[in-house]
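# A closer look at the structure
Residue strings, one per chain:
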Amino acid sequence: MPSVETRPTAEGLEIRTISQRKTWNDLVQSFAAYDLRQGFEWGEMRREQGWRIRRFAVFGDGVCLAAASLQYRQLPPLGAIIYAPRGPLWRPEMPTGLASLLDNIRRFAAAIGGISLRASPGIPDDQERVAAQLREHGFRPLADMWSTWNVPRHIQMLDLTPDEAELLRGVRERYRRYIRNVGRKEISIEQGQSEDDLAAFHRLLQKLGRLKQFPVREFGHYQRLFDRYAHHGDALLLLARTEADVVGGLLAFRLGRRVYVHASSVRADGPRPLHGVAPALFWDCIRRAKTSGAQLIDFGSSGVGKVPDPSHRNYGLFQFKAGLGCRFVSCLPYQDLVFRRLAYRAFRRAETSLLPRVHRLLARAPALIGVIKRAV
């Protein structure tokens, strides 16, 4: 298939189907709300997991007005579920682009038996004009605060535009003490490069998954994902070491001037506690991202709901990231554009009742991830 296929629309715009990495990533980064999950590499990773990928962009007078990287898969006998992680991308001041994009997606959905399109825009939920445009095109916001298969709604981000000294002043004082002690005491932070380094990090992540009860994918998944981004210099693996062992790790990826922390873990089963490993790891990530020219770090889920509640079991995670200077962002609700109502109702019943049970099962028995992957 050609890297770009073009089709005119009745409105005088162009719909392009794009399959070339640099072309797509450049288009994604032209939008203010761009995100790694709309990037080319992320889509290819999802392709390896059994999803199919299609990337559409709408152009008018040579300007990209809207775009969406779609991942979709068949759910027999219902049809195909379609997802635009942190998408779609569009320019609210030029809404004809979004209209043309969605018209094209509807035609595409009809061709593949699409049930619905799930959108999870990375846009703050106080942007009413944006939310209204989605509603005008038939999207229905969901009340779900979280999802087992979509990117998180409530995240924490750090602006890297201040200088390093100012960023450090924004870090909680206790964390600053830990950061200053790195290299002078028993803990050192190093950049990992080898397969053995990644395997050591994966072992830590598996232990954390068993402790916190979340599923962790097999090592091969992390190796392929790391290699995909590292090939273009966009992967960062950090390891915290003592003389005896790896005691912490952090894995991050980059798209343009934004860095995204994908996963992190600190050993909790040693003979004695190791204070300050997590703040030291995250600060090293901040410093390296800043030095490389990045302007923003997405530290991922806050672990809590829209209103951080001290009684929430994940409040400690929220407090830790806040202690690094992160700001809390509540994104627009998940949005569904429904194509086939009866099939959609069946899918929603499975999503809200069956999938959480499967998620808990995989957390207790991670070996089943490969079994289920082969089965579907």
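Structure: above.
This one's a predicted model, so the numbers in the text were calculated from it and none came from an experiment.

Hydrogen bonds between backbone atoms are what pair the strands of a sheet, whose relative direction is either parallel or antiparallel. Taking strand neighbours across the sheet as the criterion, the seven strands line up as E10-E11-E12-E13-E14-E9-E15 in an open arrangement whose pairing is mixed. For this open sheet the edge positions go to strand E10 (188-191) and strand E15 (327-330), each flanked by a neighbour on one side alone. Averaged over all neighbouring strand pairs, the angle between strand axes comes to 30°, with direction disregarded. Here strand E11 (residues 235-241) pairs with strand E12 (residues 246-255) via seven bridges, running antiparallel. In the strand pairing of E12, Arg241 is matched with Val246. Sheet strands in contact with helix H8 (residues 219-230) are E11, E12 and strand E13 (258-266), and its direction is about 50° off that of E12.

Attention shifts here to the environment of Gly79. Tracing the chain through its elements places Gly79 in strand E5 (residues 79-85). Between the C-alpha atom of Gly79 and that of Ile115, which follows or precedes it by 36 residues, the distance is 5.9 Å. The residues contacting Gly79, other than those within four sequence positions of it, are Arg73, Gln74, Gly113, Ile115 and Arg340.

Turning to a positive patch on the surface, a few remarks are in order. Together, Arg140, Arg341, Arg345 and Arg349 line one region of the surface with positive charge. Take the positive patch: its biggest share by element is three residues, from helix H11 (residues 341-364). As for its placement among the helices and strands, Arg349 is situated in helix H11. According to the relative accessible area criterion, Arg349 is exposed, its value standing at 55%.

In this model H8 runs 16 Å from its N-terminal to its C-terminal C-alpha over 12 residues, within 8% of the 16 Å that 1.5 Å per residue would give. Among all positions in H8, only His221, Tyr222, Leu225, Phe226 and Tyr229 are buried. The arc that holds the buried residues of H8, viewed along the axis, is 125°, so those residues lie on one side. Where the residues of H8 are buried, they touch helix H2 (40-48), helix H7 (195-212), E11, E12 and E13.

Moving on, we come to the packing of H2 against H8. One can describe the packing of H2 onto H8 by two numbers: an axis separation of 10 Å at closest approach and a directional angle of 155°. Considered as vectors, H2 and H8 are oriented roughly antiparallel to each other. Crossing geometry of H2 relative to H8 is assigned as right-handed. In this structure, H2 contributes Glu41, Trp42, Glu44, Met45 and Glu48 to the contact, and H8 contributes His221, Arg224, Leu225, Arg228 and Tyr229. When grouped by side-chain class, the residues that make up the contact of H2 with H8 number four nonpolar, one polar and five charged.

Turning to the layout of surface pockets, a few remarks are in order. Looking at the second largest pocket, its volume works out to about 460 Å³. Going through the elements one at a time, strand E6 (89-90), strand E9 (154-159), E13, strand E14 (296-301) and E15 are the ones with two or more residues in the lining of the second largest pocket. The residue inventory of the lining of the second largest pocket, partitioned by class, reads 17 nonpolar, one polar and six charged.

Looking now at the pairing of strand E7 (residues 114-120). On any regular strand, side chains alternate: one points to one face of the sheet, the next to the other face. Summarising burial for E7: seven of the seven residues are buried, a large majority. Sheet topology note: the E5/E7 ladder contains six bridges and is parallel. Across the sheet, residue Ile82 finds its bridge partner in E7, namely Leu117. Across four bridges, E7 lies against strand E16 (residues 335-338) in antiparallel orientation. Bridging from a neighbouring strand, Ser116 pairs with Val338 of E16.

A cis amide bond links Pro76 with the next residue in sequence, Pro77, at an omega value of 0°. For the bond running from Gly87 to Pro88, omega is 0°, close enough to zero to count as cis. Take Pro88: it is sitting in the loop between E5 and E6. Non-glycine residue Asp61 carries a positive phi angle of around 55°.

Our next topic: the environment of Leu362. Along the chain, Leu362 turns up in helix H11. The class for Leu362 is buried, based on a relative accessible area of 13%. Sequence separation of Leu362 and Phe214 is 148 residues, and the distance between their C-alpha atoms is 7.4 Å.

Within the largest apolar cluster, 34 residues are counted, with the highest numbers of intra-cluster contacts made by Trp24, Ala57 and Phe201. Not counting residues within four places of it along the chain, the set of residues in contact with Ala57 comprises Glu14, Ile15, Arg16, Ile18, Trp24, Leu27, Cys64, Ala66 and Ala67. Core analysis: the next-biggest nonpolar cluster, separate from the first, contains 31 residues, Leu167, Ala240, Leu250 and Ala294 among them.

Here is what the cut-offs are and how they apply
Starting from 1, residues in each chain are numbered consecutively following that chain's sequence as written. Per-residue local features of the predicted model are confined to residues with pLDDT of at least 70, and side-chain atom pairs are confined, for both listing and counting, to 80 or more; whole-chain, interface and lining totals are unaffected and use all residues. Side-chain descriptors were evaluated using all non-hydrogen atoms of the structure, hydrogens and water having been removed beforehand. Here a strand pair is declared whenever DSSP counts at least two bridges between the two strands. Numbering of helices and strands runs from the N terminus; a helix is a DSSP stretch of H or I covering at least four residues, while a strand is a stretch of E covering at least two. Here an angle of 0 to 180 degrees is reported between the N-to-C directions of two axes, which are lines fitted to C-alpha atoms, with helices fitted over the stretch in contact. Residues count as neighbours in contact if any of their non-hydrogen atoms are within 4.5 Å of one another. In this analysis, a patch consists of residues with relative accessible area above 30% that form no salt bridge, clustered at 9 Å for like charges and at 5 Å for the nonpolar side chains Val, Leu, Ile, Met, Phe, Trp and Tyr. All accessible-area figures derive from a Shrake-Rupley calculation using a 1.4 Å probe, and residue coverage is judged against the displayed protein chains alone. Counted as salt bridges are all cases of a side-chain nitrogen of Lys or Arg within 4 Å of a carboxyl oxygen of Asp or Glu. In this tally Asp and Glu are treated as negative and Lys and Arg as positive; neither His nor the chain ends contributes. Note on charges: their place is set at NZ of Lys, CZ of Arg, CG of Asp or CD of Glu. Burial classification: accessible surface area is computed with a 1.4 Å probe over protein chains only, and a residue below 20% of its type maximum counts as buried, one above 50% as exposed, and the rest as partly exposed. Multiplying 1.5 Å by the helix residue count minus one yields the expected span of that helix. Arc definition: it is the arc formed by the directions from the helix axis to the C-beta atoms. Each angle receives one of four descriptions, namely roughly parallel if under 35 degrees, roughly antiparallel if over 145, roughly perpendicular if within 65 to 115, and oblique otherwise. Note: crossing handedness is left-handed where the near helix turns anticlockwise from the far helix by less than a right angle, and right-handed where it turns clockwise. For this scheme, ten residues count as nonpolar: Ala, Val, Leu, Ile, Met, Phe, Trp, Tyr, Cys and Pro. Four count as charged, namely Asp, Glu, Lys and Arg, and the remainder, Gly too, count as polar. Only protein atoms enter the 1 Å grid used here, on which a cavity is any set of points holding a 1.4 Å probe that cannot leave and a pocket is any open set flanked by protein within 12 Å on both sides along at least five of seven lines; residues with an atom within 4 Å of a point are listed as lining. Grid points are joined across faces, edges and corners, and a volume is the space filled by probe spheres set on the points. For the purposes of this section, nonpolar cores are sets of buried Ala, Val, Leu, Ile, Met, Phe, Trp, Tyr and Cys residues that join through side-chain atoms within 4.5 Å.

Coordinates in, geometry out; function isn't part of it.
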